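Observations on chain architecture
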Amino acid sequence: MDKLLIRGGGPLSGEIRVSGSKNAALPILAATLLSSEPVRVSNLPHLHDITTMIALLRSMGTELLVDEKLCVEINGATTKQTTAPYELVKTMRASILVLGPLLAHFGRARVSFPGGCAIGSRPVDQHLRGLEAMGAQIDVDEGYITATCPNGRLKGAHILFDMVTVGGTENVLMAACLAEGRTVLENAAREPEIIDLANCLIAMGAKISGHGSATITIDGVEKLGGCSYSVMPDRIEAGTYLVAAAATRGNIKLRDIDPNTLDAVLVKLEEAGAKIEHGEDWISLDMEGRRPKAVSFKTVPYPGFPTDMQAQFTAMNAVAEGVAKVSETIFENRLIQTHEMNRMGANISVDGNTALITGTERLKGAPVMASDLRASASLVIAGLVADGETLVDRIYHIDRGYECIEEKFLSLGADIRRVSS
Ligand code: EPZ
């Protein structure tokens with residue numbers, strides 16, 4: 001099992017390119033199942049989760065071509081069977097995103113029930129309720145969700161989500177594209193990845209409006225065609241490197257990123273004392289050698305502060321000037337990385353879903369264990385600002401969401417390398 005060996009050092013500096021967004025690519029790859037013609041998807045990040053989604057599509061007999069730049073061409077019409085097996089779903093919860101497209105295009109789907117993960121139970125009741133509202137028959141047995149369309153085709157419906165759910169919005173949005181009539185989604189997720197998915201569906205011929213707002217309207221069509229689509233840049237990867245630069249008092253520039261997708265994060269970084277500049281497709285951050293100031297926040301659905309950036313900011317707060325209060329309101333167990341940081345000399349107390357972080361000048365390197373994707377990234381950041389060596393174990397979590405993480409950090413001046421145990 002690989003580990004990352006990090007030797008704490010000085011400020012990060014330099015320039016890197018942001019990769020394509022994992023959380024936009026996964027629903028867009030699932031959406032190709034809706035199409036009756038080849039869909040070409042580019043700017044995919046080379047990540048384990050992307051490979052898993054491609055393997056899942058191939059396991060259903062869907063014909064796809066992958067070129068040397070990891071552009072894929074997928075023809076949903078060639079899908080031969082509509083079961084997503086446990087062996088693949090258990091390695092990636094986002095496999096649930098094939099449920100809506102399979103049901104809408106082929107009238108049936110059988111998807112292994114995605115389990116919880118380290119950050120929470122992560123139920124999918126909103127996905128299922130939305131599809132039932134459109135006329136689907138949903139049965140759960142032997143750990144599988146079986147969905148069918150008794151009337152042959154889903155029907156448009158007015159759906160109100162009980163809570164803002166990114167995956168639930170994506171699954172029902174995709175299914176509604178081929179339903180008969182109009183579907184209106186209320187309390188829909190507003191994340192940029194939803195907008196990216198909707199734009200890809202529109203390029204395939206879907207009739208969607210309101211994406212990016214809390215109310216999305218879809219007028220179903222008989223069939224969807226092919227298109228070529230380039231996945232948006234990964235705003236969470238970008239935010240992770242910006243926070244690492246802030247924690248190390250550095251000065252970096254990111255290319256191929258839309259700063260408008262990171263408003264809440266940039267506001268908090270400026271509050272921490274960073275000098276931020278940006279253009280249409282780049283962001284620069286300069287701490288001018290200053291120690292970051294502690295910043296408090298509460299994670300909420302977009303456009304508020306993203307839960308996927310909480311762990312990274314917790315690492316920055318661990319070495320910031322002052323005391324920060326961080327509340328995680330989206331997932332029930334997403335402060336787990338704080339215990340590993342305390343082993344590195346951080347001063348973090350946790351009460352329920354709130355952490356109180358009293359910053360110290362430096363941390364102390366230690367062997368630590370990653371528990372989920374963003375927690376792993378926060379431990380890498382902690383290692384960059386620790387004296388001595390930090391060995392991060394279980395970095396398969398990182399390889400799910402950060403393309404070439406050690407190469408990118410090395411190019412910014414970090415002392416980091418992958419070691420095999
Ligand atoms: C997506 O997960 C992202 N994953 C997550 O990123 C991200 O943290 C999350 O949205 C929130 O922004 C992908 O896009 C692949 P939700 P998702 O449905 O769709 C509850 C990362 O690090 N809920 O918005 O699974 C749920 O338990 C990953 O890249 C229900 O109760 O998240 C959670 O408390 C981690 N019932 C809240 O809603 C449902 O049917 C938000 O979950 C669905 C969700």
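This text gives an overview of the structure that appears in the document. (Residues numbered from 1 in each chain as written. Predicted model: local features only at pLDDT ≥ 70, side-chain atom pairs only at ≥ 80, totals over all residues. Heavy atoms only, no water.)

Before going further, it helps to spend a moment on the sheet that holds strand 10 (residues 158-160). Spatial strand order, 10-11-13-12: 4 strands in an open sheet with mixed pairing. In the strand order of this sheet, the two ends are held by strand 10 and strand 12 (207-209), each with one partner. Mean inter-strand twist for the sheet, computed between neighbouring axes without regard to direction, equals 15°. Of the strand pairs in this sheet, strand 12 and strand 13 (residues 215-219) are connected by 3 bridges, and their pairing is antiparallel. Across the sheet, the residue bridging to Lys207 is Asp219, located in strand 13. (Pairing = 2+ DSSP bridges. Helix = DSSP H or I, 4+ residues; strand = E, 2+ residues; numbered from the N terminus. Axes fitted to C-alpha atoms, helices over the stretch in contact; angles between N-to-C directions.)

Take the nonpolar core next. Counting residues in each nonpolar core, the largest one holds 76 residues, and the members touching the most others are Val98, Leu173 and Leu201. It is helix 1 (residues 22-31) that contributes the most residues to this core, 7 residues altogether. Setting aside its immediate chain neighbours within four residues, Val98 contacts Ala30, Leu33, Met53, Leu56, Met60, Ala84 and Val111. Core analysis: the second largest hydrophobic core is formed by 69 residues, Ile257, Ile348, Leu363 and Ala382 among them. (Core = buried A, V, L, I, M, F, W, Y, C linked by side-chain atoms within 4.5 Å. Buried < 20%, exposed > 50% of the residue type's maximum accessible area, 1.4 Å probe, protein only. Contact = heavy atoms within 4.5 Å.)

Now for the pairing of strand 4 (residues 63-66). Pairing geometry for strand 4 and strand 5 (residues 72-75), over 4 bridges, is antiparallel. Note that in strand 5 the partner of Leu65 across the bridge is Glu73. As consecutive antiparallel partners, strand 4 and strand 5 are separated by 5 residues, and within that stretch Leu70 has a phi angle of approximately 60°, a positive value.

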